[in-house]
Amino acid sequence: MFDGSVPLFLISKPQAGIGAGLITAALCMTTTGRDPAMFGAPKDEDEWAKVIFAAVKAGQQIIIFDNCDGVLYSANLARLITAKNIGAVS
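Residues numbered from 1 in each chain as written. Predicted model: local features only at pLDDT ≥ 70, side-chain atom pairs only at ≥ 80, totals over all residues. Heavy atoms only, no water.

> Even after reading the chapter, I still don't get the confidence of the model for the protein, so can you show me in this structure?
Atomic detail in the predicted coordinates should be set aside for any region of low pLDDT. Looking at the protein, the pLDDT average stands at 83 and 87% of residues meet or exceed 70. At the level of individual helices and strands, the protein shows its lowest average pLDDT in helix α3 (residues 75-82), which scores 87, and its highest in helix α2 (residues 45-57), which scores 91. (pLDDT = per-residue confidence, 0-100. Helix = DSSP H or I, 4+ residues; strand = E, 2+ residues; numbered from the N terminus.)

> Before we go on, may I ask you to explain a nonpolar patch on the surface in this structure?
Taken together, the side chains of Leu8, Leu10 and Leu72 present a nonpolar region at the surface, about 300 Å² in accessible area. Within the fold, Leu8 resides in the segment before α1 (20-32). (Patch = residues over 30% accessible without salt bridge, like charges linked within 9 Å, V, L, I, M, F, W, Y side chains within 5 Å. Areas by Shrake-Rupley, 256 points an atom, 1.4 Å probe, with all protein chains shown as cover. Salt bridge = Lys/Arg side-chain N within 4 Å of Asp/Glu carboxyl O.)

> Which parts of the structure should I look at to understand unusual backbone geometry?
Trans peptide bonds make up the majority, and among non-glycine residues the majority have a negative phi. Of note in this structure, Asn67 is not a glycine but carries a positive phi near 55°. Its location among the elements puts Asn67 in the loop between β2 (63-66) and α3. Take Asn67: its relative accessible area is 42%, and that puts it in the partly exposed class. (Buried < 20%, exposed > 50% of the residue type's maximum accessible area, 1.4 Å probe, protein only.)

> It is not clear to me how the pattern of salt bridges should be interpreted in this structure. Could you clarify?
In a structure, side chains of opposite charge can pair up when their charged atoms sit close to one another. Summed over the entire model, instances satisfying the criterion amount to two salt bridges. Here Asp66 makes a salt bridge to Lys13, at a shortest N to O gap of 3.4 Å. Here the residue Asp66 occupies a position in strand β2, and Lys13 occupies one in the segment before α1, the gap between them amounting to 53 residues.

Encoded structure:
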């Protein structure tokens, strides 16, 4: 559908538990034929690196960070969504 990466989409919802993660996962399944990787947002950079590495190593095309609270910031996430080559993310 897209030539290259689609960096980041955000879905805003009034509270946790209303089904946005489920709807997003269903959309991913219909477009890619695979379940997406779904995680809660890590709290520190080491955890971000571990989660991203595990998802990329598993060959995940889509990664969902569900129920993010507060500011969404990570240098590792920024590198992932702007990299031209996934091998450049470390």
